[in-house]
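Topology and contacts: notes
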Amino acid sequence: GRVAPMRATGGTCDVVHMSTSLHRLLRGHRCLRTGRSSIAWQHYHITTVTVGRMPLFADPSAATAACRCFEAPELLRDTRMLTWVLMPDHAHWLVQLGEAHTLHGLVHALKTFSARNVNLALGRSGPVWARAFHDRALRCDDDLATVAQYILANPQRAGLTRHPDEYPYRNTRP
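Described below are features of the structure shown in this document. (Residues numbered from 1 in each chain as written. Predicted model: local features only at pLDDT ≥ 70, side-chain atom pairs only at ≥ 80, totals over all residues. Heavy atoms only, no water.)

Scanning the protein from terminus to terminus reveals six helices and five strands. In sequence order, the protein lays out its α and β elements as α-β-α-α-β-β-α-β-α-α-β. Considering the protein as a whole, with its 174 residues, one finds that 41% of them fall into the buried category. Contacts spanning at least 24 positions in sequence make up 67% of the contacts within the protein whose residues lie at least 6 apart. (Helix = DSSP H or I, 4+ residues; strand = E, 2+ residues; numbered from the N terminus. Buried < 20%, exposed > 50% of the residue type's maximum accessible area, 1.4 Å probe, protein only. Contact = heavy atoms within 4.5 Å.)

Here's what the structure looks like:
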């Protein structure tokens with residue numbers, strides 16, 4: 001349902017505006033989920049950002065802590081992590097979804113476990129990842145190599161390295 005505007009005692013205040021903004025944000029999050037499907041053995045390119053696009057992963061200890069989760073067999077189960085890159089404020093994952101997770105379940109698990117590790121590494125608490133994520137189902141295997149190259153070239157395009165192979169927070173599998 002719709003978020004009802006709130007009123008402060010003694011008249012209106014910014015809370016009314018915040019409620020409307022919250023409604024727009026939630027509506028936008030729902031729009032990202034519209035049409036989302038989880039198909040076992042389908043390849044997906046997933047992108048997710050940190051809360052407020054904070055560059056949490058510019059800290060090597062935070063980046064290392066998050067990266068450990070991206071290939072953890074107990075977390076992925078039968079999903080194959082094909083390619084990933086962790087940027088200072090977002091991550092890209094190219095996966096072949098298995099039967100053990102829905103797409104949402106996989107992303108939730110990756111975010112939850114990596115956030116725990118990051119918060120421990122930084123001695124902080126609170127959210128690490130934004131609630132929403134973007135996904136694209138690949139149409140054919142021919143897209144795999146192109147999408148993997150796009151993901152791995154992200155640090156170079158962002159000016160973080162001169163060559164994709166120099167960037168430490170990335171991996172790809174054949």
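Further notes follow.
This part is about unusual backbone geometry. Even without a glycine there, the phi angle at W41 is positive, about 75°. Mapping W41 onto the fold places it in the loop between α1 (14-33) and β1 (43-49). Positive phi values are uncommon outside glycine, yet R77 reaches one of about 55°. Of note, R77 is situated in the loop between α3 (73-76) and β2 (80-86).

So, on to the pairing of β2. Burial within β2 is extensive, with six of its seven residues counted as buried. Inspection of the sheet shows β2 paired to strand β3 (residues 90-96) by six bridges, in the antiparallel sense. Bridge pairing in β3 places L86 opposite A91. Between β2 and β3, which follow one another and run antiparallel, lie three residues. Bridging between β2 and strand β5 (residues 170-172) involves three bridges; their strand directions are antiparallel. Paired with V85 across the two strands is R170, which belongs to β5. (Pairing = 2+ DSSP bridges.)

Let us now look at the nonpolar core. Side chains that are nonpolar tend, in soluble globular proteins, to be buried together. In terms of nonpolar packing, the biggest core is built from 41 residues, with F57, F70, L86 and W93 touching the most fellow members. Listed by contribution, the elements that provide at least two residues to this core are β1, α2 (60-70), α3, β2, β3, α4 (103-122) and α5 (142-152). Ranked by residue count, the leading element in this core is α4, at seven residues. Setting aside residues up to four positions removed in sequence, F70 forms contacts with L76, M81, W84, L86, W93, L110 and S114. (Core = buried A, V, L, I, M, F, W, Y, C linked by side-chain atoms within 4.5 Å.)

The next point concerns α2. Within the sequence span of α2, burial applies to A62, A63, A65, A66, C67, C69 and F70. Looking at the buried positions of α2, the neighbouring elements they touch are α3, β2, β3 and α4.

How two aromatic rings sit relative to each other is given by the distance of their centres and the angle of their planes. The full count for this structure, using the stated rule, is five aromatic pairs. Ring centres 5.4 Å apart and planes at 75° place the aromatic pair F70 and W93 in the edge-to-face group. Placement of the pair is F70 in helix α2 and W93 in strand β3, with a sequence separation of 23 residues. Accessibility assignment for this pair places F70 and W93 in one class, buried. For the ring pair Y167 and Y169, a centre distance of 5.7 Å and an interplane angle of 85° mean the geometry is edge-to-face. Grouping residues by exposure puts Y167 and Y169 together as buried. These aromatic residues form a ring-pair network of at least three members: F57, F70, W84, W93 and W129. (Phe/Tyr/Trp six-rings, centres within 6.5 Å; stacked < 30°, edge-to-face > 60°.)

With that settled, consider the pairing of β3. A large share of β3 lies buried, amounting to seven of its seven residues. Side chains H90, H92, L94 and Q96 project from β3 onto one buried face, and the interleaved A91, W93 and V95 project onto a second face that is buried too. With seven bridges joining them, β1 and β3 adopt antiparallel strand pairing. Within the sheet, the bridge partner assigned to Y44 lies in β3 and is V95.

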